[in-house]
There are 2 protein chains.
Amino acid sequence: MPRHPAFDPADLPESNATSYPAPYREENLRRHNRRLGQHAGLRNFGVNITRIAPGGQSSHRHAHTRQDEFVYVLQGEAVLQTNDGEQILGPGMCAGFPAGTGEAHRFLNRGDSDVLLLVMGDRSSGDEVIYPDIDMHGRLQPDGTFRFFRKDGTPY
Amino acid sequence: MPRHPAFDPADLPESNATSYPAPYREENLRRHNRRLGQHAGLRNFGVNITRIAPGGQSSHRHAHTRQDEFVYVLQGEAVLQTNDGEQILGPGMCAGFPAGTGEAHRFLNRGDSDVLLLVMGDRSSGDEVIYPDIDMHGRLQPDGTFRFFRKDGTPY
């Protein structure tokens with residue numbers, strides 16, 4: 001049994017909560033996050049284990065304007081979608097998404113068993129999130145949450 | 001074969017370079033870093049795979065004043081030393097080190113085979129590094145490197 005400041009991620013609760021508005025919420029409910037960084041008390045970046053159940057996605061395909069993101073595949077066969085198409089990433093493969101490149105990405109699970117990803121991202125202020133495939137745009141609020149708007153600027 | 005923005009960490013070069021001054025360099029030469037975040041073009045945080053060969057350490061035991069750190073054990077049995085003593089962490093276990101807590105830590109490999117750690121840390125400016133066990137103190141420079149001083153303030 002690991003003790004503080006170490007821990008077993010499996011001891012943390014999972015949540016499939018999403019702040020996406022309808023009609024974009026449903027597709028996100030088959031990914032379940034464990035907040036490792038938050039549990040450890042980190043403030044400068046987040047570290048999640050994201051479990052994508054069969055048929056699920058990590059998020060809608062998106063790119064951050066100011067926040068870097070990095071993903072390491074822990075288990076399963078993850079389909080990575082980017083601007084350039086698709087590829088399959090197995091355990092031990094990884095991908096980085098620097099802020100501001102417009103490289104929009106998401107991970108899908110088209111298999112029969114869970115995909116586990118270790119997902120890292122910083123908390124740079126003023127971040128916006130571009131969703132090329134759907135009528136949604138995210139803006140980071142001063143309280144650290146994201147608010148979602150249509151592409152014409154009207155809020156959900 | 002993964003393609004951009006994905007990659008296989010095993011394709012990156014390893015380095016055991018250390019900026020530690022003598023006489024504290026030697027103990028650090030059995031840890032070998034692959035710079036995943038740098039390879040991906042991230043600027044806001046670093047992601048390394050650190051391979052600790054038998055008998056090696058990840059670093060001298062240290063605590064950051066402003067930078068958060070997080071470690072996920074990928075392979076092997078890592079000995080985590082903190083202010084509180086030692087514990088052994090196997091694959092899938094993790095530990096977080098929020099900035100400013102003074103929780104000084106390092107990982108050791110006392111086994112016969114390699115330990116692999118996934119190590120994340122941000123790049124907050126003004127960081128200092130406290131080394132409770134040795135006559136050394138680190139200060140982050142504006143160019144992103146650390147300079148090392150004795151505890152009386154004289155530079156190495």
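In what follows, the structure referred to is the one given above.
Residues numbered from 1 in each chain as written. Chains lettered and ligands numbered in written order. Predicted model: local features only at pLDDT ≥ 70, side-chain atom pairs only at ≥ 80, totals over all residues.

**Some remarks on the overall build of chain A**
The line we're drawing: For helices the rule is a DSSP run of H or I covering at least 4 residues; for strands it is a run of E covering at least 2, with both sets numbered from the N terminus onward. Note that the radius of gyration is over C-alpha atoms, with the globule rule given as 2.2 Å times the number of residues to the power 0.38. For the exposure call, what matters is how many other C-beta atoms sit within 10 Å of a residue's own: 20 or more marks it buried, 12 or fewer exposed, and in between partly exposed, using C-beta atoms placed from the backbone. For every residue pair, C-beta atoms are placed from the backbone, and the pair is scored as a contact if these atoms sit within 7 Å.
Looking only at helices and strands, chain A features 1 helix and 13 strands. Secondary structure of chain A in N-to-C order comes out as β-β-α-β-β-β-β-β-β-β-β-β-β-β. Relative to the compact-globule value of 15 Å for 156 residues, chain A shows a C-alpha radius of gyration of 15 Å, a close match. When each of the 156 residues of chain A is scored for burial, the buried share is 38%. Sequence separation of at least 24 residues holds for 60% of the intrachain contacts in chain A that already meet a minimum separation of 6.

**Comments concerning the interface of chain B and chain A**
Keep this limit in mind: Residues are sorted three ways: Asp, Glu, Lys and Arg are charged, Ala, Val, Leu, Ile, Met, Phe, Trp, Tyr, Cys and Pro are nonpolar, and all the rest, Gly among them, are polar. For two strands to be treated as a pair, DSSP must find no fewer than two bridges joining them.
Taken together, the contact between chain B and chain A spans 36 residues of the former and 36 residues of the latter. Those elements giving two or more residues to the side of chain B that touches chain A turn out to be β1 (6–7), α1 (36–40), β3 (45–52), β5 (69–75), β6 (78–82), β7 (85–89), β8 (94–97) and β10 (115–122) of chain B. If you tally residues by element for the side of chain B that touches chain A, the top one is β8 of chain B, at 4 residues. Residue composition of the side of chain B that touches chain A, by class: 22 nonpolar, 8 polar and 6 charged. In this sheet, β8 of chain B lies alongside strand β1 (residues 6–7) of chain A in antiparallel orientation, the contact comprising 2 bridges. Its bridge partner being in β8 of chain B, Phe7 of chain A is matched across the sheet by Cys94 of chain B.

**A short note on the environment of Gln67 of chain A**
Its place among the elements puts Gln67 of chain A in the loop between β4 (63–64) and β5 (69–75). Note on Gln67 of chain A: 24 C-beta atoms within 10 Å, which makes it buried. As for Gln67 of chain A and Leu42 of chain A, which are separated by 25 residues in sequence, their C-alpha atoms are 16 Å apart. Those residues in contact with Gln67 of chain A, other than ones at most four positions away along the chain, are Ala99, Gly121, Asp122, Arg123, Ser124 and Asp127 of chain A together with Asn44 of chain B.

**Examining the nonpolar core**
Under the convention used in this document: We define the nonpolar core as any set of buried residues of the types Ala, Val, Leu, Ile, Met, Phe, Trp, Tyr and Cys, connected via C-beta atoms lying within 7 Å of each other.
Of all hydrophobic cores here, the largest spans 54 residues; its most connected members are Cys94 and Leu117 of chain A together with Cys94 and Leu117 of chain B. Residues contacting Cys94 of chain B, with those up to four places away along its chain left out, are Ala6, Phe7, Pro9 and Leu36 of chain A together with Phe70, Val71, Tyr72 and Val73 of chain B.

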